[in-house]
Amino acid sequence: MNIVLFAMLGIFIFMMFRRNKKTKEQQATLQSQFEPGVEVMTSFGLFGRIVSMDDAENKVVLELSPGNLATVHRQSVTKIVEPAIEAETPAVPDDASTLTTEEAATPTVSAESPDETPKRLNDEGKKDI
């Protein structure tokens, strides 16, 4: 029984070290892709573009919007934001008559008068009870 317990503990510790190693490798790969002009997101949700980096002090200057700069620790930059791929917009014809169909041309809902609207709303409330 003790052997099984120690084996489980050993497997748990092995998995823990393996996960930490993978996380460090991913972080190192991400850090190597940082360069001025790259769109990034910080761990606390700020989006910006890298303006400059100071490797000696582990600081990154981000441009949050034109003229607004923020200096953050290099490790707080956690994600590179890739530009969204724009889907092709469907061609819109110049003539809107091709967008309507025969069925859509005939209105199915009749317009009700201002006096009929409160009556309809009151009747709908009675259906629920």
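Residues numbered from 1 in each chain as written. Predicted model: local features only at pLDDT ≥ 70, side-chain atom pairs only at ≥ 80, totals over all residues. Heavy atoms only, no water.

Note that glutamine 31 resides in helix α1 (residues 2–32). With a relative accessible area of 14%, glutamine 31 lands in the buried category. Here arginine 74 takes part through its side chain, which lies 2.4 Å from a polar atom of the side chain of glutamine 31. Not counting the four nearest positions on each side in its chain, glutamine 31 is found in contact with Arg74, Gln75 and Val77. (Helix = DSSP H or I, 4+ residues; strand = E, 2+ residues; numbered from the N terminus. Buried < 20%, exposed > 50% of the residue type's maximum accessible area, 1.4 Å probe, protein only. Polar contact = N/O pair within 3.5 Å; in protein donor to acceptor, adjacent residues only side chain to side chain. Contact = heavy atoms within 4.5 Å.)

Further remarks concern the sheet that holds strand β3 (residues 59–65). Taken in spatial order, the five strands of this open sheet run β4-β3-β2-β1-β5, and their pairing is antiparallel. Because the sheet does not close on itself, it has two edges, and the strands there are β4 (68–73) and β5 (77–80). Neighbouring strand axes in the sheet, compared pairwise and without regard to direction, differ in orientation by 45 degrees on average. (Pairing = 2+ DSSP bridges. Axes fitted to C-alpha atoms, helices over the stretch in contact; angles between N-to-C directions.)

Time to look at the pattern of salt bridges. Across all of its chains, the model carries three salt bridges by this definition. Glutamate 39 is the partner of arginine 49 in a salt bridge, and the nearest nitrogen-oxygen pair spans 2.7 Å. With arginine 49 in strand β2 (residues 47–54) and glutamate 39 in strand β1 (residues 39–42), this pair connects stretches of sequence that are 10 residues apart. What makes arginine 49 partly exposed here is its relative accessible area of 37%. For glutamate 39, a relative accessible area of 31% gives the class partly exposed. Between lysine 59 and glutamate 57 there is a salt bridge, with the nearest N and O atoms lying 3.4 Å from each other. (Salt bridge = Lys/Arg side-chain N within 4 Å of Asp/Glu carboxyl O.)

For the rest of this paragraph, the subject is unusual backbone geometry. As a rule of thumb, non-glycine residues mostly have phi less than zero, and peptide bonds are mostly trans rather than cis. Of note, the phi angle at asparagine 58 is positive, near 55 degrees, even though the residue is not glycine. Structurally, the position occupied by asparagine 58 is in the loop between β2 and β3. Accessibility expressed as a relative area gives 33% for asparagine 58, which makes it partly exposed.

Pairing analysis gives five bridges linking β2 to β3, with the strands arranged antiparallel. What sits directly across from methionine 53, in β3, is valine 60. The turn linking β2 back onto β3 is made up of four residues, and asparagine 58 within it adopts a positive phi angle of 55 degrees. Bridge analysis of β3 against β4 gives six bridges, and the strand direction is antiparallel. Looking at β4, one finds that leucine 62 is bridged to alanine 70.

The next point concerns the side chain of arginine 74. Here arginine 74 shows up in the loop between β4 and β5. Side chain to side chain, arginine 74 and aspartate 55 meet in a polar contact 2.3 Å long.

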